[in-house]
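Okay, here's what each chain looks like letter by letter:
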Amino acid sequence: MSKKIDIDLLDDGSGSSVYVKERKVYPRDVTGRFDRLRKAAVFWLLGMYYVFPWLQWDGHQAVLFDLPARKFHVFGLTFWPQDFTFLAMLLIILAMVLFFVTALAGRIWCGYACPQTVWTEVFLWMERWTEGDRAKRMKLDAGPWNGNKILRKGSKHALWIVFALWTGFTFVGFFTPIVSLGQRIWPFEWNGWETFWVFFYALATLGNAGFLREQVCRYMCPYARFQSAMFDRDTLIIAYDPMRGEPRGPRRRGLGDVISRGRGLLDKVLAYELVFRASHHDAAGNAMEVARADAGLPNDAEFGASLEVALPRPDPELAGDCIDCTLCVQVCPTGIDIRNGLQYDCIACGACIDVCDEVMDKMGYPRGLIRYSTQNAIDGKPTRVLRPRVFVYAALLLVLIGAWAWGIAARSPLIVDVLRDRNALYRVTADGIDNGYTLKLVNKTDLEQDYRITLDATTPGIELRDAGTSVHVLAAQVASVPVEVTAPASVQGRHEVRFIIESADGSIRQVADSSFFGPTP
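Right, let's walk through the structure included here. (Residues numbered from 1 in each chain as written. Predicted model: local features only at pLDDT ≥ 70, side-chain atom pairs only at ≥ 80, totals over all residues. Heavy atoms only, no water.)

### So, the layout of surface pockets
Right, so step 1: Considering only enclosed or pocket space, the largest pocket measures out at about 1200 Å³ in volume.
Right, so step 2: Around the largest pocket sit 34 residues that line it, and Val63, Phe65, Val74, Leu90 and Leu94 are the ones nearest its centre.
Right, so step 3: Contributing elements (two or more residues each) for the lining of the largest pocket: helix 1 (33-51), strand 3 (63-66), strand 4 (71-74), strand 5 (77-79), helix 2 (84-105), helix 3 (108-113), helix 4 (115-131) and helix 18 (388-410).
Right, so step 4: Split into classes, the residues belonging to the lining of the largest pocket amount to 31 nonpolar, no polar and 3 charged. (1 Å grid on protein atoms, 1.4 Å probe; cavity = no way out; pocket = protein on both sides within 12 Å on 5 of 7 lines; lining within 4 Å. Points joined across faces, edges and corners; volume = space filled by probe spheres on them. Helix = DSSP H or I, 4+ residues; strand = E, 2+ residues; numbered from the N terminus. Nonpolar A, V, L, I, M, F, W, Y, C, P; charged D, E, K, R; others polar.)

Written out as C-alpha cells, the structure is:
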C-alpha cells in the first residue's frame, strides 16, 4: 500500500488538452418548402405568445395565470385549484402527443415547434440582418476589431437584448395583468418579483437562443437522449440515400445522374462502407499524420495507406449523385453532416433537404438525395408508416382528449365543501339537539349568484333551523355560510344528511353529504 502511483497530466499547458472548445456553428441561409414551413411555424407560435396576453375576454385578460388569486383564466374558462386534475391530464395528453408525433414523423417537434428552435431562428434572423450570411459572419469574427465590426456586433446585441427583454416582459404578462405591467414601466413601479422574472427570463432567452443555441439541443435537452426508445426503422426521419449518392465527389456539369448513366444504385454494404470511410477520413488522416510525426517516419505503408488510398477520388462515370458540396452541412443549425446517418443532434428541420434539392435542380438530377423517409425505405425494404404503435398512440390520445373535454364541459360551476363544528360533536338545547356546520360555497362563474340551501335527511325530524336559507355570492368568490341543523331529543347516534344547494334559476345544483350526531344510546 506504500507504493506510489505515477500520475500523468493530460493537460500540461501545451495546448494538447483533451477538452476541445466548442466550435461555433454558422448556419447558412436557405430557401425552400421546409424553410417556408418553419418560418410559418415561427410566426404562428411567437404570434400566440406575444399576442395572447393582450387579448381581452369577458372584461379581463384572455390568458392570465393569477397565482395570488389561485385562478387561471384561459379564453373564458376559469380554473381553480380544485381543477388540478385537468392540468395533470393535460400534461399527460401533451406527453402522449409527443410520443405519437415522434413515432409517426420523428423529431419534427424539435425542428418546428420547440421553443429553443423557434427563438434561435429569430435570433439568427437578426444576426443575418446585421452581420450578413455565413461567409460574411465568419470573416467578421476572424477579422480584427474595427469600427465596422463594433457597429455590426453592437447592432446585433442591441437587437438581441431588446427582443429578450420583450420576451421576459411578455412572460411576466401571463401572470400579472400585462396592461398594468406596461403602465408601470415609467415611472418604474414594478415589484421585486416582477422585476426579477422579467430580467431572468430575458437573460435565459438571450443565453439560450443567442449564445448556446445548438448546445442546448446537444447537451441539455433530454428529448434527444431518449428519442431512440420511440424510434424504429419505420419512423419518418431525414435521411441521405448512400446507394444513390456514393461515392461522392465533384464532376463536370452535364454529367447525368446514376440512373440515366446506367450505373444504378450501389450495393447497400458497399454504400455504407463508403459513408463510413468518408465520415472518418479527416479524423483518420489527422491521427496518421500525428503518429508519423511522433515516430519521425514518412507517409509510408508502416502506418497504413495514404489518405489518397484511404479515400480515392471516384471516376466521374462511377460517381454517385452527391457532388460533395457540403452545403447540407453549412445550412444545418447544429452543424452535423446528415450524410453520416441518423444522429441525435439532428432536429429534423429539413434545411438540408431544401439546399440539396436546390443543388439537384442545378445539376439536373432528380430531387430526394436527402429526404424524409424511413430507414427501411432507404435500404430498399418494405416499410409501413402507419403501424400498430401509431394506432395505439392515436387511440390513447383520442380517449384522453375526449375525457378531458368532457370533464371540462361537465364540471360544476359551483363547489361545495361541508365543514363540521370542531368544538362540539353536538349540543343539547331546550328544544332538541343541534349540530353546527360551515358551508364553503365557491362560485366559479363570472356572474353573481344567489343560492338556496336545503337539507335532505332519511331520519324524520332532522332539518335546518332556518329553513330555506339563501346566500348571495359574488362572481368568482368564496363564501362561508354557517348553518344549524336541529333534531328532536329522541334522535340518537349517527345519521346521514345531504345539503342541497341550488341557484335561484335552478340551473346550478350541488349536493354535499355529511353526518348528524346525537347522544349515544
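### Observations regarding unusual backbone geometry
Right, so step 1: Pro187 follows Trp186 through a cis peptide bond whose omega is -5°.
Right, so step 2: Omega for the peptide link from Glu246 to Pro247 comes to -10°, which places this bond in the cis form.
Right, so step 3: Here Pro247 lies in the loop between helix 11 (242-245) and helix 12 (268-279).
Right, so step 4: With phi around 55°, Asp58 is a residue other than glycine that occupies positive phi space.
Right, so step 5: Asp58 sits in the exposed class, given a relative accessible area of 58%.
Right, so step 6: Residues other than glycine seldom take positive phi values, yet Arg70 does so here, at roughly 55°. (Buried < 20%, exposed > 50% of the residue type's maximum accessible area, 1.4 Å probe, protein only.)

### Here's the deal with the state of the cysteines
Right, so step 1: Within this structure, the stated rule accounts for 0 disulfides.
Right, so step 2: Cysteine Cys328 shares no disulfide, and the gap to the nearest cysteine sulfur, in Cys325, comes to 6.3 Å.
Right, so step 3: Since its relative accessible area comes to 8%, Cys328 is described here as buried.
Right, so step 4: Not part of a disulfide, Cys352 finds its nearest cysteine sulfur in Cys346, a span of 6.3 Å.
Right, so step 5: Taking the relative accessible area as the measure of exposure, Cys352 reaches 9% and is therefore buried. (Disulfide = S-S within 2.5 Å.)

### Regarding the nonpolar core
Right, so step 1: By size, the foremost hydrophobic cluster in this structure holds 35 residues, and its most contacted members are Ile238, Ile338, Cys352 and Ile370.
Right, so step 2: Looking at which element gives the most residues to this core, the answer is helix 16 (residues 351-363), with 8 residues.
Right, so step 3: Dropping the residues within four chain positions of it, Cys352 is found in contact with Ile238, Cys328, Val331, Ile338 and Ile370.
Right, so step 4: Core analysis: the second largest hydrophobic core is formed by 25 residues, Val473, Val483, Ala487 and Ile508 among them. (Core = buried A, V, L, I, M, F, W, Y, C linked by side-chain atoms within 4.5 Å. Contact = heavy atoms within 4.5 Å.)

### Considerations on the pairing of strand 10 (residues 432-443)
Right, so step 1: Summarising burial for strand 10: 10 of the 12 residues are buried, a large majority.
Right, so step 2: By the bridge criterion, 3 bridges tie strand 9 (residues 427-429) to strand 10 in an arrangement that is antiparallel. Opposite Arg427, over in strand 10, you have Asp434 as the bridge partner.
Right, so step 3: Hairpin connection between strand 9 and strand 10: a loop of 2 residues separates the two successive antiparallel strands.
Right, so step 4: Relative to strand 14 (residues 478-487), strand 10 is paired through 10 bridges, and the arrangement is antiparallel. Pairing of Leu439 across the sheet is with Val481, part of strand 14. (Pairing = 2+ DSSP bridges.)

### Some remarks on the packing of aromatic side chains
Each pair of aromatic rings is reported with the distance of its centres and the angle of its planes.
Right, so step 1: With the rule as written, the count across this model stands at 28 aromatic pairs.
Right, so step 2: Both rings, one in Trp160 and one in Phe211, keep their centres 5.6 Å apart while their planes meet at 85°; by these two values the pair is edge-to-face. Within this pair, whereas Trp160 is found in helix 6 (residues 147-173), its partner Phe211 is found in helix 8 (residues 192-212), the two being separated by 51 residues in sequence.
Right, so step 3: Taken together, a centroid distance of 6.0 Å and an interplanar angle of 85° make the contact between Trp193 and Phe196 edge-to-face. Here Trp193 and its partner Phe196 are both found in helix 8, 3 residues apart, which amounts to about one turn of the helix. (Phe/Tyr/Trp six-rings, centres within 6.5 Å; stacked < 30°, edge-to-face > 60°.)

### Examining the side chain of Asp345
Right, so step 1: For Asp345, the position within the fold is in the loop between helix 15 (327-330) and helix 16.
Right, so step 2: Residue classification places Asp345 among the buried positions, given a relative accessible area of 12%.
Right, so step 3: What Asp345 contacts, discounting residues up to four positions off in sequence, is Arg107, Arg218, Thr334 and Ile336.

### Side note on the pattern of salt bridges
Right, so step 1: Under the counting rule described, the total for this entry stands at 37 salt bridges.
Right, so step 2: For the salt bridge of Arg38 with Asp35, the shortest nitrogen-to-oxygen distance reads 3.2 Å. Within this pair, Arg38 and its partner Asp35 are both found in helix 1, separated by 3 residues, close to a single helical turn. Neither Arg38 nor Asp35 differs from the other in exposure class; each is buried.
Right, so step 3: Each of Lys24, Glu127, Arg128, Glu131, Asp133, Arg137, Asp141, Lys153, Lys156 and Arg213 takes part in a single network of salt bridges with overlapping partners. (Salt bridge = Lys/Arg side-chain N within 4 Å of Asp/Glu carboxyl O.)

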